[in-house]
Amino acid sequence: MAAIVGDLAQTFFIDSKAVNTAKNIFLTSIDLYFRNKPTTQSTSSGLANPGVTLYICETKLQDGIQVPDLFRPVAYGRSRKEFGSISTSLNGATATNFTFTRTPLNTNQTYALVIKFDGFDTGFSLWRNKGNEGYDGIEGQTDDAAAIGLTNNTSASVSRGSNSPNMTKGALDGYFFVLTSGAVATPQLDVDLKFKLNIGTFSTTSNTTYNIINRSYEMIPYVTTSLTGAFQGGEYVFANSTIPSGQTISVSTTSANVTGTGTTFLSTYTANSLIILKSGDDHAVRKIVSISNNSNLVLDYKSPFTNSSAQYVLGAIGKVDRFLPENSMAILVASTANATYNFISNASSDTIVGVTSNATAVIDNNLEYPVDQTQLAQLGAFVLDEFLPDLKYTIPPGTYANTTVKLANEDYDTSIQEYPVTPGKKKRFTYFPAFMYSRSDELAYGDGSVGTLVNGKSINFNVTLSTENRFSSPFIDEQDLNFFGYQRIINNTLVDEHTNSGQAIAKYISRRVELAPGQDSEDIRVYATAYRPYGTNIDVYVKFYNEFDPELFDEKSWTRLENVTPATTYSSTENLNDYIELEYQLPTLPIYEFEPLSTGVLQSGVFEGQNSNNVLVGTSGVVNTTIATSDLVRIYNPLFPNNSLISVVTASNTTTFTIDTTLSSANTRLNDFVRAGNLVEKVEFKNVAFKNFTANGVVRYYNSEMSAFDTYTSFAIKVIFRASTASLVYPHLKDIRAIALSV
């Protein structure tokens, strides 16, 4: 940070005993007493009308005294007076008041006032107290100094620089310094400035409530096929625009002045509003500094183009915060939308235009109110599942700050109830679906036509401040007010999750776990400590790999595990820390669907298996019309559905099919299929793993060439979180553990 450059300085100590032992005070102004100021147009600095700037900075110990630390300015500790606002007097009775924005200062600490005269002008002099001489003027360079005096309706003060050499009993003890070359502080031990430090006082009998609202964002969905170019972050965008008929303006790259012909500037704009300039296909947005009449105004910056017959555009304006082409969405900040000009698509399909990029897109007008909750996100609403109010408070002892929030629901109504929040702490919102709407939607639908939004805004924080000490108050940093909203993107599907391209949105995938050499495993069990409220679910998948498989680990299928925990075991929706233990195990089949339990489509016909044979013969019904070579099939008897033979088809005809496993009555488990009446399912997910019944439950999977692999040497875990998109509660994990087992 750059150092303060000054001419004079005065240190002062704020004694807590002078302010009822308050730990902090708030500086509101400082009175300096000028004896002289330069003669205008004839100054030592060469400046026609030099002004004075006052700074507050911290101090450091040097040679046994506290000296100004010019590298540590106090926040909000700057005030300035222009030449014409500086008052002088020949008796030291007239003060020049330098105001501050309630600058917070700690008590029992030494600070410094640093005075800087424009151009180091020597024509200024300040009244001082020197030894027993009473008042005197300090010629040339001077500093702003401090004495404590109460503001508002209270009149009590502790001052420095009185007519007698009386001191302040420690309340403001300090030293006066001359700053050589603007930085080297040389103490003047027998001199103090005449000054007065004014601080804020506060009511101890009534509270003050501040309202904090969301910024004017626009979440604009656009028709995907309509996009031309790409919007740039930070550029201005406008929409719903018209060009005033019969009006032209003259603009130039050499002047900030705009001259209009037939224009009505006074009734169209106000100072500090934005104007869209147009010259052919080129556009620019500028802020209006002042308006002289209907035909003349001044911009903050010159036009980027020169045109004596240019035009101006009336329309809603915003600045690109984020451009999300993958979601066909542009998010704008600082929207100027109003009832006339906004970012809501009308029947003519309004187009948003990028001022710098010249990108364009048609606002999606297929979604119109009323819509259901899932469509609101497409309309441009941000769903608040959790939020973090990042409000910077200073709360001295004996003071209090109570923060609550009101949020908007899906009907554009603000909640009646205020919900308590803690700054700096995340809050899950489970009371109702809460939304932050686009500014245009707040105006269009929250004005009573659909619902009613308090202050016309989606988010309303109320911060109530109170104090027990009239010299102290809680403090909110107005330049650092942030609100972080979180939207949990979740759905309720497991489609294609056995692949690497599943459609579930909320998921976690672990790194690959390698087992120690020689520790090939035959089974697995997974445990999770989780929050799973009613209406949600947590699914666990595992990817297995055998070191002798010539294919890549990443190419393996994910196997969905079976949840052993009773389906009726849920967490409390009232207690977000109500974790439950979930247990998952490897299924005995290559599962396609758990409900109903299925590996795939049941084939027509009934099949008979024979001893010492690998051919199954159809014995009834229309048989073997779809089973083909390389299919994976499940063979089972309906009387014993838990006993299944999973095998690869090596040959097939209209009445029989051949598998790669030879049935045997001598094998206890293969003997189960040496009989008539077998049913056959064609396995849908051929490459997922399962506990092989015919091999005593050892894990097996097939690779893409339908080669079988038993046991595994490495694995990975995938966790899927599921809930309705309209749900107010969502599942999450505290921890997850996996145990590789032997059968």
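Observations concerning the overall build of the protein
Across its full length, the protein carries 3 helices and 54 strands. Taken over C-alpha atoms, the radius of gyration comes to 39 Å for the protein, far larger than the 27 Å a tight globule of 743 residues would show. Overall, the protein is about 125 × 70 × 50 Å in size when its C-alpha atoms are taken along their principal axes. Taken over 743 residues, the protein has a buried fraction of 49%.

Side note on the sheet that holds strand β34 (residues 459–467)
Sheet architecture is open: 4 strands sit in the order β16-β34-β30-β31, paired in antiparallel fashion. Because the sheet does not close on itself, it has two edges, and the strands there are β16 (208–213) and β31 (419–420). Both strand β30 (residues 399–407) and β31 contribute to a ladder of 2 bridges, which runs antiparallel. Note on β31: the bridge partner recorded for T404 is P420.

Section: the sheet that holds strand β54 (residues 732–741)
Strand order in the open sheet formed by 4 strands is β41-β42-β38-β54, with antiparallel pairing between adjacent strands. Each of the sheet's edge strands pairs with one partner strand only, and the pair in question is β41 (562–563) and β54. Sheet topology note: the strand β38 (residues 523–531)/strand β42 (residues 580–585) ladder contains 6 bridges and is antiparallel. Counted as the bridge partner of A530 is I580 from β42.

Focus on the pairing of β30
Sheet topology places β30 next to β34; 9 bridges connect them, and they run antiparallel. Opposite V405, over in β34, you have F461 as the bridge partner.

Some details on the layout of surface pockets
Computed from the structure, the second largest pocket encloses a volume of approximately 950 Å³. Surrounding the second largest pocket, 41 residues form its lining, R560, I591, E593, F594 and E595 being those nearest its centre. The set of elements that each furnish at least two residues to the lining of the second largest pocket consists of β39 (537–545), β40 (559–560), β41, β42 and β47 (640–652). Residues belonging to the lining of the second largest pocket are distributed by class as follows: 20 nonpolar, 10 polar and 11 charged.

A look at the packing of aromatic side chains
Scanning all chains against the criterion turns up 29 aromatic pairs. Here the aromatic rings of F117 and F124 are separated by 4.8 Å at their centres, their planes lie at 10°, and the arrangement is stacked. A single burial state applies to F117 and to F124, both of which are buried. Joined through ring pairs, the aromatic side chains of F387, Y419, F429, Y431, F432, F461 and F483 make up one cluster. The aromatic ring of F83 is capped on one face by K37, whose charged end is 4.4 Å from the ring centroid.

Re the nonpolar core
Core analysis: the biggest nonpolar cluster contains 34 residues, and F544 and Y584 have the highest contact counts within it. Among the secondary structure elements, those contributing two or more residues to this core are β38, β39, β42, β51 (698–702) and β53 (714–722). Those residues in contact with F544 that lie beyond four places of it in its chain are I524, K556, T559, L586, A689, V699, Y701, Y712, S714 and F715. Core analysis: the next-biggest nonpolar cluster, separate from the first, contains 31 residues, L8, V52, L113 and L197 among them.

Quick notes on the environment of E593
One can find E593 in the loop between β42 and β43 (600–602). Taking the C-alpha atoms as reference points, E593 and F685, separated by 92 residues in sequence, lie 9.9 Å from one another.

As for the pattern of salt bridges
In this structure the tally under the stated criterion is 24 salt bridges. The shortest N-O distance in the salt bridge between E551 and K556 comes to 2.7 Å. With respect to burial, E551 and K556 carry one shared label: buried.

Comments concerning unusual backbone geometry
Negative phi characterises most residues that are not glycine, and trans characterises most peptide bonds. Note that the residue after E595, namely P596, is joined by a cis bond; omega there is -5°. Within the element layout of this structure, P596 appears in the loop between β42 and β43. A positive phi angle, near 60°, is found at T21, a position not held by glycine. Tracing the sequence through the fold places T21 in the loop between β1 (8–14) and β2 (24–32). Positive phi outside glycine occurs at Y412, with the angle close to 60°.

Some remarks on the environment of S466
As for its position among the elements, S466 is in strand β34. Under the relative-accessibility criterion, S466 is labelled buried at 18%. Separated by 68 residues in the primary sequence, S466 and G398 have C-alpha atoms spaced 8.8 Å apart. Not counting residues within four places of it along the chain, the set of residues in contact with S466 comprises N207, T399, Y400 and P474.

So, the confidence of the model for the protein
Mean pLDDT over the protein works out to 88, with 91% of the residues at or above the 70 mark. Confidence drops under pLDDT 50 across residues 132–171; counting only partners more than four residues distant or on other chains, this segment forms 145 contacts. Note that pLDDT drops below 50 for residues 368–378; the model gives that stretch 21 contacts with residues more than four away or on any other chain.

Let's talk about the side chain of T711
Here T711 shows up in the loop between β52 (708–710) and β53. Sequence-distant contacts of T711, defined by excluding residues within four places in its chain, comprise D520, S521, E522, N546, V698 and V699.

A word on the pairing of strand β18 (residues 236–242)
In terms of strand pairing, β18 meets strand β24 (residues 307–324) through 5 bridges, oriented antiparallel. Within the sheet, the bridge partner assigned to Y236 lies in β24 and is K319.

Comments concerning the side chain of S29
Structurally, S29 can be placed in strand β2. Residues contacting S29, with those up to four places away along its chain left out, are N97, F98, T99, F100, K196, L197 and N198.

Examining the environment of A9
Relative to the assigned elements, A9 resides in strand β1. For the pair formed by A9 and L179, sequence separation is 170 residues and the distance between their alpha carbons is 7.1 Å.

What counts and how
- Residues numbered from 1 in each chain as written.
- Predicted model: local features only at pLDDT ≥ 70, side-chain atom pairs only at ≥ 80, totals over all residues.
- Heavy atoms only, no water.
- Helix = DSSP H or I, 4+ residues; strand = E, 2+ residues; numbered from the N terminus.
- Rg over C-alpha atoms; globule rule 2.2 N^0.38 Å.
- Buried < 20%, exposed > 50% of the residue type's maximum accessible area, 1.4 Å probe, protein only.
- Pairing = 2+ DSSP bridges.
- 1 Å grid on protein atoms, 1.4 Å probe; cavity = no way out; pocket = protein on both sides within 12 Å on 5 of 7 lines; lining within 4 Å.
- Points joined across faces, edges and corners; volume = space filled by probe spheres on them.
- Nonpolar A, V, L, I, M, F, W, Y, C, P; charged D, E, K, R; others polar.
- Phe/Tyr/Trp six-rings, centres within 6.5 Å; stacked < 30°, edge-to-face > 60°.
- Lys NZ or Arg CZ within 6 Å of the ring centre and 35° of its normal.
- Core = buried A, V, L, I, M, F, W, Y, C linked by side-chain atoms within 4.5 Å.
- Contact = heavy atoms within 4.5 Å.
- Salt bridge = Lys/Arg side-chain N within 4 Å of Asp/Glu carboxyl O.
- pLDDT = per-residue confidence, 0-100.

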